[in-house]
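A closer look at the structure
If you want the building blocks of each chain, they are given just below.
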Amino acid sequence: MVQSTGVKKKFNKQFFLNNGLYVVMLALIAVIAFISPKFLSLVVLRDILMQSSTRIIVALGCMFILIAAGADLSGGRMVGFAAVVSGSLAQASTYSNPFFVNHADLPILVPVLVSVVVGLIIGMMNGYIVAKLDVPAFIATLGTSMFIYGLNSLYFNLPPNNSQPLGGYQKAFTELGAGSIAGIPFITLIALGCMVFVFILLNKTCLGKEIYAVGGNEEAAKFSGINIFKIQMFVYSMAGVLYALAGVLEAARTGSATSNYGAGYELDAIASCIVGGCSITGGVGTVQGVFVGVLIFNVISYGLTFIGVSSYWQNVVKGIIIVAAVAIDVRKYRTKS
Amino acid sequence: MGKSDVVLEMRNIDKEFPGVKALNHVSLQVRKGTVHALMGENGAGKSTLMKCAFGIYHPSAGEIFIDGEKTEFKNTRDAMDQGISMIHQELHPINTRSVMENIWVGRVPHRKIGPIHVVDERKMYKETVELFKGLNLDIDPRKKVGELSVSICQLLEIARAVSYGAKVIIMDEPTSSLTETETEILFAIIKKLKVQGVAIIYISHKMEEILKISDEVTIMRDGSLVGSWIANELTQDLIVTRMVGREMTQRFPQRHNVPGDIMLEVENLTSVNPHSFKGVSFHVKKGEILGVGGLVGAQRTELMEAIFGIRKIDSGSIKINGKQVQIKSASDAIENKIALLTEERRSTGIVPMLSVLENTVLAKQTAHTHKYQTSLRLLVDRKRADDTLQFVDSLSIKTPNIKTQIQYLSGGNQQKVLLGRWLLTEPEILILDEPTRGIDVGAKYEIYTIMEQLASQGKSIIMISSEMTELMGMSDRIIVMCEGYISGMMDGKTATDEKIMHCASSHRN
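Now for a description of the structure that goes with this document.

Criteria and thresholds
Residues numbered from 1 in each chain as written. Chains lettered and ligands numbered in written order. Predicted model: local features only at pLDDT ≥ 70, side-chain atom pairs only at ≥ 80, totals over all residues. Heavy atoms only, no water. Buried < 20%, exposed > 50% of the residue type's maximum accessible area, 1.4 Å probe, protein only. Helix = DSSP H or I, 4+ residues; strand = E, 2+ residues; numbered from the N terminus. Pairing = 2+ DSSP bridges. Axes fitted to C-alpha atoms, helices over the stretch in contact; angles between N-to-C directions. Contact = heavy atoms within 4.5 Å. Expected span 1.5 Å × (residues − 1). Arc of directions from axis to C-beta. 1 Å grid on protein atoms, 1.4 Å probe; cavity = no way out; pocket = protein on both sides within 12 Å on 5 of 7 lines; lining within 4 Å. Points joined across faces, edges and corners; volume = space filled by probe spheres on them. Domains from an automatic or database assignment. Buried area = accessible area lost by both parts, 1.4 Å probe. Salt bridge = Lys/Arg side-chain N within 4 Å of Asp/Glu carboxyl O. Polar contact = N/O pair within 3.5 Å; in protein donor to acceptor, adjacent residues only side chain to side chain. Nonpolar A, V, L, I, M, F, W, Y, C, P; charged D, E, K, R; others polar.

Quick notes on the pairing of strand β9 (residues 168-172) of chain B
All names here are of chain B. Burial analysis of β9 places five of its five residues in the buried class, which makes it a mostly covered element. Of the two faces of β9, both are covered, the one formed by V168, I170 and D172 as well as the one formed by I169 and M171. Direction of pairing for strand β6 (residues 84-87) relative to β9: parallel, over a ladder of four bridges. Bridge assignment links S85 to a residue of β9, and that residue is I169. With five bridges joining them, β9 and strand β10 (residues 199-203) adopt parallel strand pairing. When the sheet's bridge partners are listed, D172 is paired in β10 with I203.

Points about the sheet that holds strand β16 (residues 313-320) of chain B
Residue and element names in this part refer to chain B. Read from one edge of the open sheet, four strands run β14-β13-β16-β17, paired in antiparallel fashion. Bordering the open sheet on either side are β14 (280-285) and β17 (323-325), each of which pairs with just one other strand. Here the strands of the sheet are splayed against their neighbours by 20 degrees on average, with no regard to which way each runs. Lying on the sheet, helix α9 (residues 300-307) is in contact with β13 (262-271), β14 and β16; it crosses β14 at an angle near 70 degrees.

A look at helix α13 (residues 381-394) of chain B
Taking 1.5 Å per residue, 14 residues should reach 20 Å; α13 of chain B reaches 20 Å between its end C-alpha atoms and fits that length. For α13 of chain B, every residue scored as buried is listed here: R384, A385, D387, T388, F391 and V392 of chain B. Take α13 of chain B and look down its axis: the buried residues cluster within an arc of 160 degrees, on one side only. Seen from the buried face of α13 of chain B, the exposed residues on the opposite side, beyond 90 degrees, are R382, D393 and S394 of chain B. For α13 of chain B, the secondary structure elements touched by its buried residues are α8 (206-216) of chain A together with α12 (356-367) and α14 (411-423) of chain B. S396 of chain B lies just past α13 of chain B and shows a positive phi near 40 degrees.

Things to note about empty space enclosed by the protein
Across all of its chains, the model carries two cavities of 30 Å³ or more by this definition. Approximately 130 Å³ is the volume attributed to the largest cavity. Forming the boundary of the largest cavity are 12 residues, of which M207, R251, V441, K444 and Y448 of chain B lie nearest the centre. Looking at the lining of the largest cavity, you find at least three residues from each of domain 1 (3-244) and domain 2 (251-337 + 427-509) of chain B. Taken as a whole, the second largest cavity holds about 30 Å³ of empty space. Taken together, F223 of chain A together with L340, L341, T342, T348, G349, L418, R421 and W422 of chain B make up the full set of residues lining the second largest cavity. Where the lining of the second largest cavity is concerned, the elements lending two or more residues are β18 (338-341), α11 (345-349) and α14 of chain B. It is α14 of chain B that contributes the most residues to the lining of the second largest cavity, three residues altogether.

Structural notes on the interface of chain B and chain A
With 33 residues of chain B at the contact, the number on the chain A side is 23 residues. Between chain B and chain A the total buried area reaches about 2100 Å² when both faces are included, carbon and sulfur atoms providing 64% of it. Linking chain B with chain A are two salt bridges, by the criterion used here. A salt bridge links D381 of chain B to K204 of chain A; its shortest N-O distance comes to 2.9 Å. Our enumeration of links across chain B and chain A arrives at eight residue pairs in polar contact (both at pLDDT 80 or more). When contributions to the side of chain B that touches chain A are tallied by element, the ones reaching two or more residues are α10 (330-335), α11, α12, α13 and α14 of chain B. Residue composition of the side of chain B that touches chain A, by class: 16 nonpolar, 10 polar and seven charged.

Shown next, in the form of structure tokens:
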């Protein structure tokens, strides 16, 4: 009898260690729903998904970096830069306070593509600084993040705009951020598309496997014939593109943009990835995990606001969750060995 | 030898882990002033037993006595306070700090000025010098540990154990990274310690060493005690038989390979690094096993890594099948059908958190991606699994399944996975750098057999080895390196320890 409870206890512990993330999220939802049953509605789900969408895209970019055992602090500022660049190009010609005076309505593909190319270039710059100049990734991206923010502020401050928040977008652009099809927001579909794309890339292509190998043991990967430079350039470029895409959608979703958009997103993204099971030392990370990681943070902010808990407390809860998630994760591997 | 000589006694020790009985009624008696060798294959329970003796693990059952008095260890600090020290296989010195700080870390000599403890640098220096003097060590206590070689660090660890006033020092594979000369220095220190009455528990796979320095030998198998013997009643064959539990008549397989035409020819290869290899020329034939001997620091690994495209070459040429080739990266080398099984399995071999499967297909997947891809450039998991299973089977790799993370496999099995990784690239030239380092006797024999089979199939094998018996037992021909030069070449059949050592220690003759 004693033995059987012992075994059961062990089983429960192992179950919790392996699925802690899901347990925590469900418990959180249960508590919130208990206090305010209206929380369990399609409208709320839609809102949470919509708010999570751009965050998911940023976190996916961050995940590439973490799997390859890198670090990237430039994500947030890149989101801001892309938001401002795309916003400045997406304004309607009829808007009274335009960024570019006397411009025609540009096809909305133009702001999207220009921003994404800017993201790609900055991502490649990050990759080159890390992979060729051997600057530690933490420092390199800290540098580029300041650099980008500076550039963005200069651009945003160009006359006649002089750091006025952007607005007056063409309908097609705001529709991209706020519209939906069959009740599902476009941006959620785009985020979903990104997730599927990243999932296939990481799990079903040789390139994806090489990223895991480089992050898991760079030297072993090098001796196995993998081109480390190529992989690092790829992950930072890919991250840059995803950040930029998130920035464009953020501008479209909010119908505005300032140079302070995206501030702090990089740390949220890292937190989501870590909570979602990515290892800070590289080689580990899944799309599903990161998805749940992002969702947890958004359920916390939305849910706690929903039941009237102050945002100060939300940060307290988030902080605890980050530390607890990693503490659990570390134990997961310890029990196996 | 009376009972009173016994300084450490472990009686009927059991240790259970969830689902495994790692130790089963193991007893051990270690006498004052003796070297007690502990032997057994990997997984026999030697390390577990020693971790119990050093307070890292708590035995599930059994008793421990020190100087005849029953005791137990709460933790390693407690064990050290009671006179037990352990020198681990892998060292973790604080590289950025000085030698003396490393020795006294955690109990730095200090003076108290008011409530503040101030480090007494002079006392620390003096005590370190005295400590080293007692051990005939010539190391500057103020030097940074990071500037010292691995072998010196090993000796420092021993000095540290002595400084704790250890009665028993456990040494886990202390010579695995030492050259022959350094090993001699270690043995001299061990002899000194014996005279001082210190007991040494010595874990090693190297049989010659064991027979040379130990007084008693305890052999373990599968978590149980096989027995303890006086060392000079034992022979290598007896030890092996008792370790593996079956007759092992040969340590090396019969070789049937016949060397043919020249496969790889290296001419006048010189490194860009002036301290590395210079003007190296050698060749290896099809179906030949070429041994490469030398001391640590002879630049053997560097030479092979240069041939493999990882290190830069200043001048010289590499010909394969008579055709000159340019190899600038590992992928160039793989394309030219060269494989390199590296010496440092952990740092340059395995990707620890990835599965056996991912580790096996790593090189082939990169070099011959199309073989695993559909027309949409997506990977076909079945093909990758088939390739992996083929080698799990043919190399008899022991793993729960191919999705198991490679870090949970034993060293020998990890090595076989890595060998599989390279065989998948269908190499013609295999460079094996210390292929059996840290691997138990049974797995060693398996690796030798695979080498023989590959050579018989006409592949060229270059084997770097620091083990003399292995070098002589497996090579058709041996080249010896010293300080970056090739200092000798000899036939494998007529090579002797003395000849190899002579070449390894000097290239100016």
